Each structure stands twice: as C-alpha cells, then as structure tokens.
Amino acid sequence: MKISYHGHSAVRVETDSHKILIDPFITGNSLSDLDPDTVEADVILLTHGHGDHVGDTMAIAKRTGAFIVALNELAVYLGQKGFNAHGMNIGGAYDFDFGRVKFTQAFHSSSYEEEDGTFIYTGMPGGILLTINDKTIYHVGDTALFSDLKLIGEMNDIDLAFVPIGDNFTMGPKDALVATDWIKADIVVPVHYNTFPVIEQDGEAFAKKVKTGKGIALQVGESLEL
C-alpha cells in the first residue's frame, strides 16, 4: 500500500485494487502537485465540510464516478447534488470493499460555503480511521487537542497518523506533540500547515520532536509504503 501527501491535508492511498483520496483540496492549494482534471480516484473520504477539505471532490467525482464517504449531513448534501455518497457518523464503522472506515471525534466546525456565500451545515467534523489489510491509517482531521485521543490510541493499533500542526484553525505543534504521545502511531506525518500565512509551521522541526513513533515530514508528492 502506497500513501502519499499532497499539501494541506490531502492524502492519497493506493492499493492493488483502489485509489483513495482523503480531503482532496487541490484548486486554490498552492502546495498541491495534483491536477483535478487528471487525478484518478475510486473513493474519496472527507473529514468535514470546509472548502479546504472538500476541495475538488465534486469535480473529481463527476469525472471519475468516485464513491464518496463522509459524515452524514455532508454525504446527504453531496447526494442531493447527484453524487454517490455514503453517510456515516462519529463512532460508527463500516466495511467497504476497499477497507474499513471508522469516524472519530474532532473538535472543530463543519460547513460548506456555496458560490453565493450561503453556508450549508455539514454536520460534525471528524477524524478517519482507515484499515486496509490489517494496516491502520489515522487521518486526525482538523481538531483541537482533546483527551479522547488517548482512548483512540489505546483502542487502535495505528500504523500511520496524519496530524494537523498549523495552529490558528487546529492544534499547533506543541499540542500536536501531546496528541502523538496519546495516539501512539508507528509513523507520524504533520499536515494542515504552510498552505496559508496564518498556519506557517516548520514540519521538519516538528517531526524531529516526535517522541512516540517516528516523525516524518513528507514533502508534497512524497510517499511511503505500509
């Protein structure tokens, strides 16, 4: 299984049978190396409804027919737009043909802004536990530090965690280091930073400070194998 990072919180997971995108924010993301007109996707997983996470989901799904998995209100909204979307909720898990998805809590907000400026409520934000062939990836999503991250780490054998460090909108590096101690992932990759001036951080410095697991600051387009 090949996992690659594509700027902000965008992650791609490639297995023998599926190409999975998580939070495909491409257009408007100056760090992204992906092309929304050519990127392949069988499945799109969304942590919440903000534009910098839903990103190019609709354009990609319209072109590729990708199956979308999201929190319920966001999935219903996308279903009303004509997309094939499966709704879930916090604490729920489901076994798909590409792997098992479980949504966790994330302390944040979640809404989608229409072109006319109208905000659509898109339910709870979440993190995603994605398990494929006994390997578990935890995309923590946009969140503040909260103590149940410790419980999530105790209940799951996490191989790889994508942890936000940008501050301002999510936890910053100091809180994120506490989160990594609680999550206990074998590998920790910082995300949600350097996309905008207000969330500029040093990913390499953060990775070096990770004590529980191995911190790796993936460069945009860089990948690792599980």
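No experiment lies behind these values; they were computed from the predicted model shown.

Procedures and definitions
- Residues numbered from 1 in each chain as written.
- Predicted model: local features only at pLDDT ≥ 70, side-chain atom pairs only at ≥ 80, totals over all residues.
- Heavy atoms only, no water.
- Salt bridge = Lys/Arg side-chain N within 4 Å of Asp/Glu carboxyl O.
- Helix = DSSP H or I, 4+ residues; strand = E, 2+ residues; numbered from the N terminus.
- Buried < 20%, exposed > 50% of the residue type's maximum accessible area, 1.4 Å probe, protein only.
- Phe/Tyr/Trp six-rings, centres within 6.5 Å; stacked < 30°, edge-to-face > 60°.
- Arc of directions from axis to C-beta.
- Contact = heavy atoms within 4.5 Å.
- Axes fitted to C-alpha atoms, helices over the stretch in contact; angles between N-to-C directions.
- Nonpolar A, V, L, I, M, F, W, Y, C, P; charged D, E, K, R; others polar.
- Pairing = 2+ DSSP bridges.
- Core = buried A, V, L, I, M, F, W, Y, C linked by side-chain atoms within 4.5 Å.
- pLDDT = per-residue confidence, 0-100.
- Right-handed = clockwise from strand over helix to strand, strands pointing away.

Draft legend 1. Structural detail: the pattern of salt bridges. Overall, the coordinates contain 4 salt bridges when judged by the stated rule. In this structure, the salt-bridge partner of Lys19 is Glu40, at a minimum N-O distance of 3.6 Å. A residue pair is termed long-range when its members are at least 10 positions apart, and Lys19 in strand E3 (residues 19-22) and Glu40 in the loop between E3 and strand E4 (43-45) qualify at 21 residues. We classify Lys19 as partly exposed; its relative accessible area is 29%. Measuring nitrogen to oxygen at the nearest pair gives 3.0 Å for the salt bridge that ties Asp95 to Arg100. Using a relative accessible area of 36% as the deciding quantity, one classes Arg100 as partly exposed.

Draft legend 2. Structural detail: the packing of aromatic side chains. With the rule as written, the count across this model stands at 6 aromatic pairs. Relative to Tyr112, the ring of Tyr77 lies with its centre 5.6 Å away and its plane at 45 degrees, an arrangement referred to as tilted. With Tyr77 in helix H3 (residues 72-80) and Tyr112 in strand E9 (residues 111-113), this residue pair connects regions lying 35 residues apart in the sequence. Taken as a pair, Tyr77 and Tyr112 share a single burial class, namely buried. Each residue in the set Phe67, Tyr94, Phe96 and Phe98 is aromatic and connected to the rest through ring pairs, giving one cluster.

Draft legend 3. Representation of helix H2 (residues 57-64) within the structure. Turning to H2, its buried residues are Thr57, Met58, Ile60 and Ala61. The buried side chains of H2 occupy one side of the element, clustering within an arc of 165 degrees when seen end-on. Here the buried face of H2 lies against E3, E4, helix H1 (51-54), strand E5 (67-71), H3 and E9.

Draft legend 4. Region of the structure containing the environment of Arg12. Along the chain, Arg12 turns up in strand E2 (residues 11-14). Apart from the residues within four sequence positions on either side, Arg12 is in contact with Lys2, Ile3, Ser4, His6, Ile20, Leu21, Leu34 and Val39.

Draft legend 5. Broad picture of the packing of helix H4 (residues 148-155) against helix H5 (residues 173-183). Put simply, H4 and H5 touch, their axes get as near as 7 Å, and they point 30 degrees apart. Contacts between H4 and H5 involve Leu149, Lys150 and Gly153 on the former and, on the latter, Ala179, Trp182 and Ile183. Classifying every residue of the contact of H4 with H5 gives 4 nonpolar, 1 polar and 1 charged.

Draft legend 6. Quick look at the sheet that holds strand E14 (residues 187-191). One open sheet holds the 7 strands; their spatial order is E7-E8-E11-E12-E13-E14-E15, and the pairing between them is mixed. Strands with a single pairing partner mark the edges of an open sheet, and in this sheet they are strand E7 (93-96) and strand E15 (214-215). Alignment of strand E11 (residues 126-132) against strand E12 (residues 135-139), held across 5 bridges, turns out to be antiparallel. Opposite Thr131, over in E12, you have Thr136 as the bridge partner. The sheet strands contacting H5 are E12, strand E13 (160-164) and E14, and the helix crosses E13 at an angle near 155 degrees.

Draft legend 7. Examining the nonpolar core more closely. Judged by nonpolar contacts, the single largest core of 47 residues is most densely connected at Leu45, Phe98, Val101, Leu130, Tyr138 and Ile183. If you look at the next biggest cluster of nonpolar residues, it comprises 20 residues, including Leu34, Ala75, Leu78 and Tyr112.

Draft legend 8. Main features of the confidence of the model for the protein. Taken over all residues, the pLDDT of the protein has a mean of 98, while the share at 70 or more is 100%. Model confidence for the protein, summarised as mean pLDDT per element, is weakest for strand E10 (residues 119-121) at 95 and strongest for E4 at 99.

Draft legend 9. The arrangement of the pairing of E5 in detail. Among the 5 residues in E5, 4 count as buried, and that is most of the element. As paired strands, E5 and strand E6 (residues 85-88) are joined by 4 bridges and run parallel to one another. Paired with Leu71 across the bridge in E6 is Met88. Following the backbone out of E5, through H3 and into the adjacent parallel E6, one traces a crossover that is right-handed.

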